[in-house]
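Analysis of the macromolecular model
Chain residues, written in single-letter form:
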Amino acid sequence: MPEHRDTAATYHRYHIPTQPAPDIEKWPSRFKVKVRRAGLAKLLISEVLHYGPRKDVILSRPCMYGVFSGPVGGFMPREEHCVGCLRCTTEFPEFVRIEHNPERRSLGDSYFTFNYVDQIAYEASSGLVPVRGAGYRGKFGGEGWDGMWTDMSEIVRPTRDGIHGRETISTVVDIGYTPNFLQFDAAGQPIGNTPHTLSIQLPIVLDGPQNELAAGVAQMYARAAAELDTLAVLPFDYAVGLAAYGAAVVPVLRPEHARRLSQLGFTPRMVEMQGWDEALYSAITATFPDAIVALRTGFEETGALVSYAQRGIKVFHLLADFHGRSADGSFVLDLIREAHKAFVDAGIREEVTLLASGGMIAAEHLPKAMICGLDAVAVDTPLLVALQARFGGECSARGASSFRLPGNLNATWGVQRLKNLCASWRDQLLEILGAMGLREVRRLRGEMGRAMFMKTLEADAFAGLLGYTEAKNG
């Protein structure tokens, strides 16, 4: 059988299997339902007189979602069923009132607001794309990611088929080194610099917490990454012993780990150095000569990235804090563009890979970050929220933030929640790519022609007019 027929026989389309994974810890309901019992009693009496003993009809009022269908009806509303449709307050304003639950609003912090928490909880529990029948209710402009819009004007219909499985839109990305050009000898064999990359099926890397982390959670990250065919970035001490998922594990190494590399128990495809260290780099390349070495560092190092590339680093994992800020307060959107531009100006952007973490907490942030210049996003806090972690106050600084995970976590549930979240984000990414007419996500990197910035558009329209003040991107 010809070789290409063998390949076709073993080909399978990438797909993330999703399953319902409902919450294992009860969270506060979204709404508080307040009922004046005297008014409800009068309604029930009138309903009984009108419908007789038809209990199913009587208990369905005034809510079709079952808020008032408990053992004692509306005298003890089941608030967890309330979806906020406000039908009850519209029909019976004299004795029913719906309010937001302040306890629910405290699930996140000032950046990772409860709206994001709600959205991720839905995505992680169902694996589906959130659909709001009343349309988009968020901002159409603002600071941060809200100040960046994607341009869908070049709609190409055939790629819509990719969303529904009739054609393929690739979400594969390559991580590693690709030279600007190849050289061959007289025999046609490549000489000089050759590509050294690995491919993952998603432009999403699972970035595990680098401080105290339960061993079971580290294993969830590794197993989910292996099943998703992507990577999980984990502290060295937690990566040890995860040989079963070794192809998906990226250990983070510090200088003190240079003499302990053999304890890892497997040969990683990629490792990350926490800050540049010449001795550690030499130890890594000597112990794991085929591994891709990435530099994990803050955006504050952007000015030195090109010099690190000249020393041999070709993959950079750049860090903002959990609110997407650098030490000088710049927002991650601008920081990514600055890092991307540094390599473009040096003429080596095609040779390096850029990853980043911090402040990317929603599905729409993924394509926006790639348009700004990333090859892939290393997702951090959304994964913890998918596992129903609660914030310990304001969580912005890495290493100084605390998250409390449910005490009854189990591996099967946790892995499925992480897979569901990635499946939902991938489906939303496919929607963006389909609307743009792109058949592969790699074309999205640095594609600034697909973006518009509120700051720029407002300046073009209003600069020089009385009362105009320049908007902020970050």
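Quick note: structure is the one above.
A brief look at the structure comes next. (Residues numbered from 1 in each chain as written. Predicted model: local features only at pLDDT ≥ 70, side-chain atom pairs only at ≥ 80, totals over all residues. Heavy atoms only, no water.)

**Describing the nonpolar core**
Definition in use: The definition of a nonpolar core used throughout is a set of buried Ala, Val, Leu, Ile, Met, Phe, Trp, Tyr and Cys residues joined through side-chain atoms within 4.5 Å. Exposure classes here rest on a 1.4 Å probe applied to the protein chains alone. A residue is buried below 20% of its type maximum, exposed above 50%, and partly exposed in between. Helix and strand definitions follow DSSP, with helices as H or I runs of at least four residues and strands as E runs of at least two, each counted in order from the N terminus.
If you look at the biggest cluster of nonpolar residues, it comprises 120 residues, and the most contacted ones within it are Trp-145, Tyr-221, Met-270 and Phe-316. Per element, the largest residue contribution to this core is 12 residues, and it comes from helix α15 (residues 411–436). One finds Val-35, Cys-88, Phe-92 and Phe-95 within the second-largest nonpolar core, a separate group that totals 14 residues.

**Quick word on the environment of Phe-316**
Filter applied, for reference: By definition, residues are in contact when any of their heavy atoms lie within 4.5 Å.
One can find Phe-316 in strand β13 (residues 315–319). Residue classification places Phe-316 among the buried positions, given a relative accessible area of 0%. For the pair Phe-316 and Leu-295, spaced 21 residues apart in sequence, the C-alpha separation works out to 4.9 Å. The residues contacting Phe-316, other than those within four sequence positions of it, are Leu-295, Leu-305, Tyr-308, Ala-309, Phe-343, Val-352, Thr-353, Leu-354 and Leu-355.

**Examining the pattern of salt bridges**
Threshold: Definition used for salt bridges: Asp or Glu carboxyl oxygen within 4 Å of a side-chain nitrogen of Lys or Arg.
According to the stated counting rule, one finds 21 salt bridges in the structure shown. Notably, a salt bridge pairs Asp-345 with Lys-341, separated by 2.8 Å at the nearest N-O pair. Remark: Lys-341 and Asp-345 occur in helix α12 (residues 332–346); sequence separation between them is four residues, near one turn of the helix. Notably, a salt bridge pairs Glu-440 with Arg-442, separated by 3.0 Å at the nearest N-O pair. Look at Glu-440 and you get partly exposed, because its relative accessible area is 26%. In this structure Arg-442 comes out as partly exposed when scored by relative accessible area, which is 37%. Connected through shared salt-bridge partners, Arg-349, Glu-350, Asp-375 and Arg-445 make up one network.

**Quick word on empty space enclosed by the protein**
To find leftover empty space, a probe the size of one water molecule is rolled over the atoms. So the rule is basically this: Cavities and pockets were defined on a 1 Å grid built from protein atoms only: a cavity is a group of points that admits a 1.4 Å probe but offers it no way out, a pocket is an open group of points flanked by protein on both sides within 12 Å along at least five of seven lines, and a lining residue is one with an atom within 4 Å of any such point. Grid points are joined across faces, edges and corners, and a volume is the space filled by probe spheres set on the points. Residue type decides the class: Asp, Glu, Lys and Arg count as charged, Ala, Val, Leu, Ile, Met, Phe, Trp, Tyr, Cys and Pro as nonpolar, and the leftover types, Gly among them, as polar.
This model, assessed by the stated rule, comprises one cavity of 30 Å³ or more. Computed from the structure, the largest cavity encloses a volume of approximately 80 Å³. Lining the largest cavity are 14 residues, with Cys-63, Val-67, Cys-82, Cys-85 and Cys-88 positioned closest to its centre. The class makeup of the residues in the lining of the largest cavity is 12 nonpolar, one polar and one charged.

**Points about unusual backbone geometry**
Peptide bonds are trans in most cases, and residues, glycine excluded, mostly fall at negative phi. Positive phi, close to 60°, is recorded for Asp-229, a residue that is not glycine. Residue Gln-388 is not a glycine yet carries a positive backbone phi of 65°. Within the element layout of this structure, Gln-388 appears in the loop between α14 (381–386) and β16 (390–391).

**Quick word on the packing of helix α8 (residues 215–228) against α15**
Note the cut-off: Lines fitted to the C-alpha atoms define the axes, with helices restricted to the stretch that makes contact. Angles between their N-to-C directions range from 0 to 180 degrees. Angles below 35 degrees are treated as roughly parallel, those above 145 as roughly antiparallel, those between 65 and 115 as roughly perpendicular, and all remaining angles as oblique. If you view the pair so one helix is near and one far, a crossing is left-handed when the near helix is turned anticlockwise from the far one by less than a right angle, and right-handed when it is turned clockwise.
Put simply, α8 and α15 touch, their axes get as near as 9 Å, and they point 50° apart. In this view, α8 runs oblique relative to α15, as classed from their interaxial angle. For the pair α8 and α15, the crossing hand works out as right-handed. Here Met-220, Tyr-221, Arg-223, Ala-224, Glu-227 and Leu-228 of α8 come into contact with α15, specifically with Ala-411, Thr-412, Gly-414, Val-415, Leu-418, Lys-419 and Cys-422.

**A closer look at the sheet that holds strand β8 (residues 204–207)**
Note the following rule: Pairing between strands is defined by DSSP: at least two bridges between the two strands are required.
The strand order β8-β9-β10-β11-β12-β13-β14-β15 describes a closed barrel built from eight strands, whose pairing is parallel. The average undirected angle you get between the axes of adjacent strands in this sheet is 25°. Pairing geometry for β8 and strand β15 (residues 376–379), over three bridges, is parallel. Of the residues in β15, the one forming a bridge with Val-205 is Ala-378. Along the sheet face, α8 touches β8, β9 (232–235) and β10 (249–253) and points at about 155° away from the line of β9.

**What to know about the packing of aromatic side chains**
What counts is decided by this rule: For Phe, Tyr and Trp, where Trp contributes only its six-membered ring, two rings pair if their centres lie within 6.5 Å, and the inter-plane angle classes them as stacked under 30 degrees, edge-to-face over 60, or tilted in between. Placement of a positive charge over a ring is assigned whenever Lys NZ or Arg CZ falls within 6 Å of the ring centre and within 35 degrees of the normal to the ring plane.
Going through the model one piece at a time under the given rule, you end up with nine aromatic pairs. Residues Phe-92 and Phe-95 carry aromatic rings whose centres are separated by 5.4 Å and whose planes lie at 40° to one another, so their mutual orientation is tilted. Overall, Phe-92 belongs to the buried group, its relative accessible area being 14%. Taking 5.0 Å as the distance between ring centres and 75° as the angle between the ring planes, the aromatic pair formed by Phe-391 and Phe-403 counts as edge-to-face. Here Phe-391 is found in strand β16, whereas its partner Phe-403 is found in strand β17 (residues 403–404), with 12 residues between them in sequence. By relative accessible area, Phe-403 is classed as partly exposed at 23%. Geometry around Phe-453 places Arg-337 over its ring, the cationic atom sitting 4.4 Å from the centre.

**Remarks on α15**
Rules: Each helix should span, by expectation, one fewer than its residue count multiplied by 1.5 Å.
An ideal rise of 1.5 Å per residue puts 38 Å on 26 residues; α15 measures up with 38 Å between its terminal C-alpha atoms. Across the 26 residues that make up α15, a large majority, 22, are buried. Of the residues trailing α15, Gly-437 is marked for its positive phi of about 80°.

**Here we look at α12**
The terminal C-alpha atoms of α12 lie 21 Å apart, and with 15 residues this matches the ideal 21 Å at 1.5 Å per residue to within 8%. Among the residues of α12, those classed as buried are Val-332, Leu-333, Leu-335, Ile-336, Ala-339, His-340 and Phe-343. Buried residues along α12 sit in contact with β3 (148–150), α11 (305–311), β13, β14 (353–357), α13 (365–372) and β18 (451–453).

**With respect to the side chain of Asn-101**
Cut-off, in case you're wondering: Under the rule applied, a polar contact is a pair of N or O atoms within 3.5 Å (in protein, one hydrogen donor and one hydrogen acceptor; residues adjacent in sequence only if both atoms are side-chain atoms).
Looking at the secondary structure, you find Asn-101 in the loop between β2 (96–100) and α5 (102–105). Residue classification places Asn-101 among the buried positions, given a relative accessible area of 6%. Reaching out from Asn-101, the side chain makes a polar contact with the backbone oxygen of Ser-29 at a distance of 3.0 Å. Leaving out residues up to four positions away in the same chain, Asn-101 has contacts with Pro-28, Ser-29, Arg-30, Phe-31 and Lys-32.

Geometric values such as these leave the question of function open.
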